[in-house]
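Breakdown of the fold
Residue-level listing of the chains:
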Amino acid sequence: MLNLVILISGRGSNMENILKAVKKNKIPIKPLLVISNKPNAKGLAIAQKLGVKTEVVESDGLKGGNWEYDSKLVSVLEKHRITPQNCLICLAGFMRIMSPEFIRHYKGRIMNIHPAILPAFPGLHSQRQALEYGVKYSGCTVHFVDEGVDTGPIILQSVVKIKNSDTEESISKKILKEEHKIYPKAVKLFAKGKIKIDGRKTIIS
Ligand code: GAR
């Protein structure tokens, strides 16, 4: 069976939701490890409560997109016998850019959730970007991670309507609800071998 690793930086609601869905929906993947780059991430206690091992690999002072930090992640993964052949790595609110070396090592095995309909509003504060731009719809995207920022092949997306009365907070809340629906679905599709990457596209069977 595949091993599931989830990387977080904070609250961990997507992580919690995926871990619960794996159990409830009998998704054929073993939740092996949660790693946080922040020692005070709230998600760590949640993962432990759900019986999943946790590790902290602190990133303070280490620039994003850098092998110096990411090689530490690889060491931790190898310590837990996680290999590029036997894993799915889910970034769930992991607020760091991964290095090209890390991405190449786990090619086609790293997923991310982004709070916008990519390719619109990549990077940080996507909900604020959507509000300021004045779009009438936004949403979220689960995609494979490639060497760009939020540019990898798209797996699933879900849309929410934006009203005049919406604030950054209310949009974030609506989008998070959709994130919680599509991220476990993407994990399930991957675990069942139903996603094929074909260049920029994914083919879901
Ligand atoms: C989520 O909204 C996720 O889409 C976003 O951070 C939040 C994490 O929440 N990720 C990004 O913005 C990545 N660029 P969570 O910790 O409760 O899952």
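Attention in this report is confined to the structure presented alongside it. Because the structure is a prediction, the values reported are computed rather than measured. Throughout this document, residue positions are counted from 1 along each chain, in the order its sequence is written. It should be noted that, the model being predicted, local features are given only for residues of pLDDT at least 70 and side-chain atom pairs only at 80 or more, the latter also being counted only at that level, while totals for whole chains, interfaces and linings use all residues. Hydrogens are left out, water is left out, and the side-chain values use all remaining heavy atoms of the structure.

**Overview of the pairing of strand S5 (residues 110-114)**
Of all five residues that make up S5, five are buried, and the element is covered over most of its length. A 1.4 Å probe rolled over the protein chains alone gives each residue an accessible area, and that area as a share of the maximum for its type sets the label: buried under 20%, exposed over 50%, partly exposed in between. Counting from the N terminus, the helices are DSSP H or I runs at least four residues long and the strands are E runs at least two residues long. Residues of S5 alternate between two faces, with Ile110, Asn112 and His114 on one and Met111 and Ile113 on the opposite face, all of them buried. Bridging between strand S4 (residues 87-91) and S5 involves three bridges; their strand directions are parallel. Across the sheet, the residue bridging to Ile89 is Ile110, located in S5. Once you follow S4 into helix H4 (residues 100-105) and on to S5, the crossover reads as right-handed. When DSSP locates at least two bridges between a pair of strands, those strands are taken to pair. Seen with its strands pointing away from the viewer, a crossover is right-handed when the path leading from the first strand over the helix to the second is clockwise.

**What to know about helix H3 (residues 67-79)**
For H3, with 13 residues, the first-to-last C-alpha span of 18 Å sits near the 18 Å given by 1.5 Å per residue. The set of residues buried in H3 consists of Tyr69, Asp70, Leu73, Val74, Val76 and Leu77. For H3, the angular spread of the buried residues around the axis is 160 degrees, confining them to a single face. Packed against the buried residues of H3 are strand S1 (2-8), strand S2 (29-36), strand S3 (53-56), S4 and H4. In the stretch just after H3, Arg81 is the one whose phi turns positive, near 60 degrees. To estimate the expected span of a helix, count its residues, drop one, and scale the result by 1.5 Å. What the arc describes is the spread of directions from the helix axis to the C-beta atoms. A contact between two residues is defined here by any heavy atoms of the two lying within 4.5 Å.

**Focus: the site of the ligand**
Around the ligand sit Arg11, Gly12, Ser13, Asn14, Gly93, Met95, Ile113, His114, Pro115, Leu176 and Glu179, and those are all the residues in its vicinity. N or O atoms closer than or at 3.5 Å make up a polar contact, with two conditions inside protein: a donor-capable atom paired with an acceptor-capable one, and, for residues adjacent in sequence, both atoms drawn from side chains. Arg11 is positioned with one of its side-chain polar atoms (N or O) 2.6 Å from an oxygen atom of the ligand. In this structure, Gly12 approaches the ligand through a main-chain N or O atom, which is 2.8 Å from an oxygen atom. A 1.4 Å probe and the Shrake-Rupley method give the accessible areas. Residues count as covered only by the protein chains that appear here. When isolated, the ligand has an accessible area of 450 Å², and the protein chains bury 87% of it. Breaking the shell around the ligand down by element, the ones donating at least two residues are helix H1 (13-24), S5 and helix H6 (168-191). Its residues assigned to classes, the shell around the ligand shows four nonpolar, five polar and two charged. Here a residue is near a molecule or strand as soon as one of its heavy atoms is found within 4 Å of it. By the convention adopted, Pro, Cys, Tyr, Trp, Phe, Met, Ile, Leu, Val and Ala count as nonpolar, Lys, Arg, Asp and Glu as charged, and the other residues, Gly among them, as polar.

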